[in-house]
Amino acid sequence: DIYIEHILSPVAHMVCKKFNVKCFGLASAKYEDRMIWVTSPHLINLKYIERIKNNLNKKNSITKNIKYKIDEEASRRIKKQEVTFLSIFKRSIEIIYSETKSLILRTKRKNTYSYYAWLIPNIRKFTNHLYLKKIGIGLNSLNGKKFVFFPMHLEPEIALLNVSPEFSNSMECITWISKSLPFNYFLVLKEHPASLSVRDQNYYRMLNKIPNVFFSDPSISSWELIKRSTFASTITGTVGFESIFFNKPVISFGKNQIINNLPSVFYSSNYEQTNLNIDKILKIIDDKELLQFSKTILYNSLIESSFDLPELKFIGQNQDVSDNTVDVAFNNLINEHSDAF
């Protein structure tokens, strides 16, 4: 009758849709340890969207002093991506030891990665980091400059393809933004820490050849770039949410992003829309009341639609989940989706 999965997979969703079974999965609300129940791999929660639309009608409802609280699980994952010579050397030794042990004992599964396959990506992570340090611009270069911030996505990545199956090409939307920006603006890219081991340096060189596109120094935080930018752009991920909380407009290339329903977010699916939306954004960048209103709508709707589940971020280390955590999650599911029960 009802199918529940921690992270709702596309296959499970298709089967449930075929047989008219209600399905639910947990997803991060991208605010502290709060979670929401979603009904598709696109992370859609119709009650959440409905609350945003209802709150849009409350024109005089503006809350000040709203502070963004970072998604703790995302923060923990980013910290694990530390890139130093010592961390890369240590990880390389671990790979060599593990793979040699597997080779001697013949414990590697069939049809899996070849022996020592992860050694090269681990080394590439360090060389790519050094390359971006070399070509990346620092905070001093951004002082007094007008720029747009675009966070590079982890590619290939199942999460990106699940949430935004309609569009997942970072290079294409970077090109659209670059062509659409006024002459006195430029685009700043920040590489995703986990993608340092994936991309070839030729990818960076191709983007770096575009005259108004620059990479940031990888040590600069996304928050610092959002705060200094005129506006942000993203396909999916946390940066869109963070930008709203820092009173910045957003161009969204992900059709299913919840923030697309806000007045300071502009969805683009092609070059023409991107061009028009940048013109629209440049007209509202100084409208502090609109930006604050957008932040208020997102915050209120998020708090109403989500629930605090701090224990979940430790589930990888400890599979024993407390009864209280289960109760909180299940009670919210029943209250939010009573029609399914």
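Structure report, in brief. As the structure is a computational prediction, the values presented were derived from the model and not from experiment.

Before going further, it helps to spend a moment on the sheet that holds strand β6 (residues 213-215). Strand order across the open sheet formed by six strands is β6-β5-β4-β7-β8-β9, with parallel pairing between neighbours. The open sheet terminates on both sides in strands that have one partner only, identified here as β6 and β9 (265-267). The mean inter-strand angle of the sheet, taken between neighbouring strand axes irrespective of direction, is 25°. The pairing of strand β5 (residues 185-190) with β6 spans three bridges and is classified as parallel. Paired with Leu-187 across the strands is Val-213, a residue of β6. With respect to the sheet, helix α7 (residues 170-180) is in contact with β4 (146-151), β5, β6 and β7 (231-234), its orientation differing from that of β4 by roughly 170°.

Our next topic: helix α1 (residues 10-18). Where α1 is concerned, the buried positions are Ala-12, His-13 and Cys-16. Buried residues in α1, looked at end-on, bunch into an arc of 100°, giving them a common side. Within α1, the exposed residues directed more than 90 degrees away from the buried face are Val-11, Met-14, Lys-17 and Lys-18. Buried residues in α1 make contact with β1 (2-5) and β2 (22-28). Just past α1, the residue Asn-20 takes up positive phi, approximately 60°.

Moving on, we get to the packing of α7 against helix α11 (residues 271-284). One can describe the packing of α7 onto α11 by two numbers: an axis separation of 9 Å at closest approach and a directional angle of 45°. Classified by the angle between their axes, α7 and α11 sit oblique to one another. In this structure, the crossing between α7 and α11 has a hand that is right-handed. From α7, Trp-176, Ile-177, Lys-179 and Ser-180 reach across to α11, where they touch Tyr-271, Thr-274, Asn-275 and Ile-278. Within the contact of α7 with α11, the residues separate by chemical class into four nonpolar, three polar and one charged.

Next up on the list: the side chain of Thr-234. Inspection of the secondary structure puts Thr-234 in strand β7. According to the relative accessible area criterion, Thr-234 is buried, its value standing at 0%. Look past the residues within four positions of Thr-234 in its chain and what remains in contact with it is Phe-150, Pro-151, His-153, Gly-240, Val-250, Ile-251, Ser-252, Phe-253, Gly-254 and Gln-257.

Moving on to the packing of helix α4 (residues 85-105) against helix α5 (residues 119-135). Running from amino to carboxyl end, α4 crosses α5 at an angle of 180°, the nearest separation of the two axes being 10 Å. Between α4 and α5, the angle is such that the two are roughly antiparallel. Mapping the contact onto sequence places Phe-85, Ile-88, Arg-91, Ser-92, Ile-95 and Ile-96 in α4 and Leu-119, Asn-122, Ile-123, Lys-125 and Phe-126 in α5. Tallied by class, residues from the contact of α4 with α5 come to seven nonpolar, two polar and two charged.

What follows is about a nonpolar patch on the surface. A grouping of Ile-2, Ile-4, Val-321, Val-326, Phe-330 and Phe-341 is seen on the molecular surface, where their side chains present a nonpolar patch of about 470 Å² in accessible area. Elements represented by at least two residues in the nonpolar patch include exactly β1 and α13 (323-336). Tracing the chain through its elements places Val-326 in helix α13. Given a relative accessible area of 45%, Val-326 falls into the partly exposed group.

With that settled, consider the pairing of β1. Two elements, β1 and β2, share four bridges in a ladder whose sense is parallel. Bridge pairing links Ile-4 to Phe-24 in β2.

Attention shifts here to unusual backbone geometry. Residues other than glycine seldom take positive phi values, yet Lys-30 does so here, at roughly 60°. Mapped onto the fold, Lys-30 is located in the loop between β2 and β3 (34-38).

Quick look at the sheet that holds β2 now. If you walk across this open sheet you meet the four strands as β1-β2-β3-β10, and the pairing is mixed. Each of the sheet's edge strands pairs with one partner strand only, and the pair in question is β1 and β10 (307-308).

When you line up the elements, Lys-133 lands in helix α5. The exposure class of Lys-133 is partly exposed, given its relative accessible area of 38%. The spacing of Lys-133 and Cys-173 is 40 residues in sequence and 24 Å in space, taken between C-alpha atoms. When residues no more than four places from it in sequence are discounted, the contact partners of Lys-133 are Asp-217, Pro-218 and Ser-219.

What counts, and at which threshold
Residues numbered from 1 in each chain as written. Predicted model: local features only at pLDDT ≥ 70, side-chain atom pairs only at ≥ 80, totals over all residues. Heavy atoms only, no water. Pairing = 2+ DSSP bridges. Helix = DSSP H or I, 4+ residues; strand = E, 2+ residues; numbered from the N terminus. Axes fitted to C-alpha atoms, helices over the stretch in contact; angles between N-to-C directions. Contact = heavy atoms within 4.5 Å. Buried < 20%, exposed > 50% of the residue type's maximum accessible area, 1.4 Å probe, protein only. Arc of directions from axis to C-beta. Parallel < 35°, antiparallel > 145°, perpendicular 65-115°, else oblique. Left-handed = near helix turned anticlockwise from the far one by under 90°. Nonpolar A, V, L, I, M, F, W, Y, C, P; charged D, E, K, R; others polar. Patch = residues over 30% accessible without salt bridge, like charges linked within 9 Å, V, L, I, M, F, W, Y side chains within 5 Å. Areas by Shrake-Rupley, 256 points an atom, 1.4 Å probe, with all protein chains shown as cover. Salt bridge = Lys/Arg side-chain N within 4 Å of Asp/Glu carboxyl O.

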